[in-house]
Amino acid sequence: MKILAIESSCDETAVAILEGKGKKIKILANVVSSQIAIHQKYGGVVPEIAAREHILNIIPVINEALVLAKINKHEAPKKIKAIAVTAGPGLITSLMMGVETAKTLAFAWNLPIIAVNHIEGHIHAAWLATKTPELPAIALTVSGGHNMIVEIKSSLKYKIIGDTRDDAAGEAFDKAAKILGLGYPGGPAIAKAALKADKNKLATKKINLPRPMLNDPSSDFSFSGLKTALFYAIKKDKAWSKFIPEYAYEFEQAVADTLTRKVVKAAQRTNAKTILLVGGVSANLVLRQKLKKTIEEKLPKTTFIVPPFEYTTDNAAMIAVAGYFKFLNNQTFSWQKLTANPNLTLK
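## Here we look at the sheet that holds strand E5 (residues 113–117)
- If you walk across this open sheet you meet the 5 strands as E3-E2-E1-E4-E5, and the pairing is mixed. Of all strands in the sheet, those with a lone pairing partner are strand E3 (24–34) and E5, marking the two edges. Ignoring strand direction, the axes of neighbouring strands in this sheet form an average angle of 20°.
- The sheet contact formed by strand E2 (residues 12–21) and E3 spans 10 bridges and is antiparallel. Paired with Val15 across the bridge in E3 is Val31.
- Packed on one face of the sheet, helix H2 (residues 47–68) meets strand E1 (2–7), E2 and E3 and runs near 30° to E2.
- Helix-sheet contacts for helix H12 (residues 317–328) involve E1, E2, E3, strand E4 (80–88) and E5, and the interaxial angle to E5 is about 120°.

## Quick look at the side chain of Lys103
- In this structure, Lys103 sits in helix H4 (residues 92–109).
- Look past the residues within four positions of Lys103 in its chain and what remains in contact with it is Ile113, Trp335 and Leu338.

## A look at the side chain of Thr101
- Take Thr101: it is sitting in helix H4.
- Side-chain polar atoms of Thr101 contact the backbone oxygen of Met97, separated by 2.7 Å.

## Describing the environment of Ser219
- Position of Ser219 relative to the elements: it lies in the loop between helix H8 (199–204) and helix H9 (224–236).
- When near neighbours in sequence (up to four residues on either side) are disregarded, Ser219 contacts Ile149, Ile161, Gly162, Asp163, Lys262, Ala266 and Arg269.
- Polar contacts involving the side chain of Ser219 include one to the side chain of Arg269, which spans 2.3 Å.

## Observations regarding the sheet that holds strand E10 (residues 303–305)
- Read across the open sheet, the 5 strands follow the order E8-E7-E6-E9-E10; overall the sheet is mixed. Strands with a single pairing partner mark the edges of an open sheet, and in this sheet they are strand E8 (157–162) and E10. Going from strand to strand, the sheet's axes swing by 25° on average, the running direction of each strand aside.
- Sheet topology note: the strand E9 (residues 274–278)/E10 ladder contains 3 bridges and is parallel.

## Let's talk about H12
- Compared with an ideal rise of 1.5 Å per residue, which puts 12 residues at 16 Å, H12 spans 17 Å between its outermost C-alpha atoms and is within 8% of the ideal.
- Across the 12 residues that make up H12, a large majority, 10, are buried.
- Where H12 is buried, its residues contact E1, E2, E3, E4, E5 and helix H5 (118–124).
- Backbone geometry just after H12 places Asn330 at a positive phi near 60°.

Thresholds applied
- Residues numbered from 1 in each chain as written.
- Predicted model: local features only at pLDDT ≥ 70, side-chain atom pairs only at ≥ 80, totals over all residues.
- Heavy atoms only, no water.
- Pairing = 2+ DSSP bridges.
- Helix = DSSP H or I, 4+ residues; strand = E, 2+ residues; numbered from the N terminus.
- Axes fitted to C-alpha atoms, helices over the stretch in contact; angles between N-to-C directions.
- Contact = heavy atoms within 4.5 Å.
- Polar contact = N/O pair within 3.5 Å; in protein donor to acceptor, adjacent residues only side chain to side chain.
- Expected span 1.5 Å × (residues − 1).
- Buried < 20%, exposed > 50% of the residue type's maximum accessible area, 1.4 Å probe, protein only.

By themselves, these observations are geometric and do not establish any function.
Rendered as structure tokens:
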């Protein structure tokens, strides 16, 4: 069976087509139209512009996905069995573009709809890795707007055991990059600058940023204070502009240290068999390497899974996977009942 999935929660217009049989899944098409270049000059996503671009891109992206999946658009109503779509959370105007398109297709093709939570989609990107996650698992979801530790005891059953109290990691990277004059998006900019850090400068110049909430008994995060610490550190340093790579390096290390220690502690408490690293920030190599090494040292019997790079940032393949498992679990409904919810929670 085949499922067409749509993702438009922020500034990516994405469509994917999945073919599944039992537990075996195959992505036939995964098309993403990115708006990064458009929003760079504003230093972040402008909701009105994002919504307008979704309107322009959604039909061409659907058509491209059908071509890649070798499905004639006139035969699509017979070959596609359901429409999965991100219903929330996200920017309401962006979500509405995807939701209304999904409803229109479901009505025109007489197909059921599957509503997928955006975070749930990121979690299911892990099922596109070479190893299949073994449950119970702990998922660390890290992106621009969300930062959670989610316990997954069984399929489609989630419990949020850690959340961000202010800035998510991706948002913190964006703000830090702005402070250092590195541009948008912040995560890749910080990572690129950090690679240029001089070991001699790091050895002679003390740049010590905090690792927030490590002694807090909860699994929650807070990165606002880290961003503020960076701001005041360079304010006190008259020569800070000569040490931008070193400040970027320390900031990246602080974020990676915090995320790693928090999720490993959560996995130890819950006896998780698998740790999943998902979301846009999961593309960060320092975080991947640090978490992998720590798991090998402290939890040698725990499997570490991170999706391939193309499924880390917002994409529709992850929505298709979550949608497929929901379809198998009879979690479908008619298009009339679907609404976009920018504050949709993970249940």
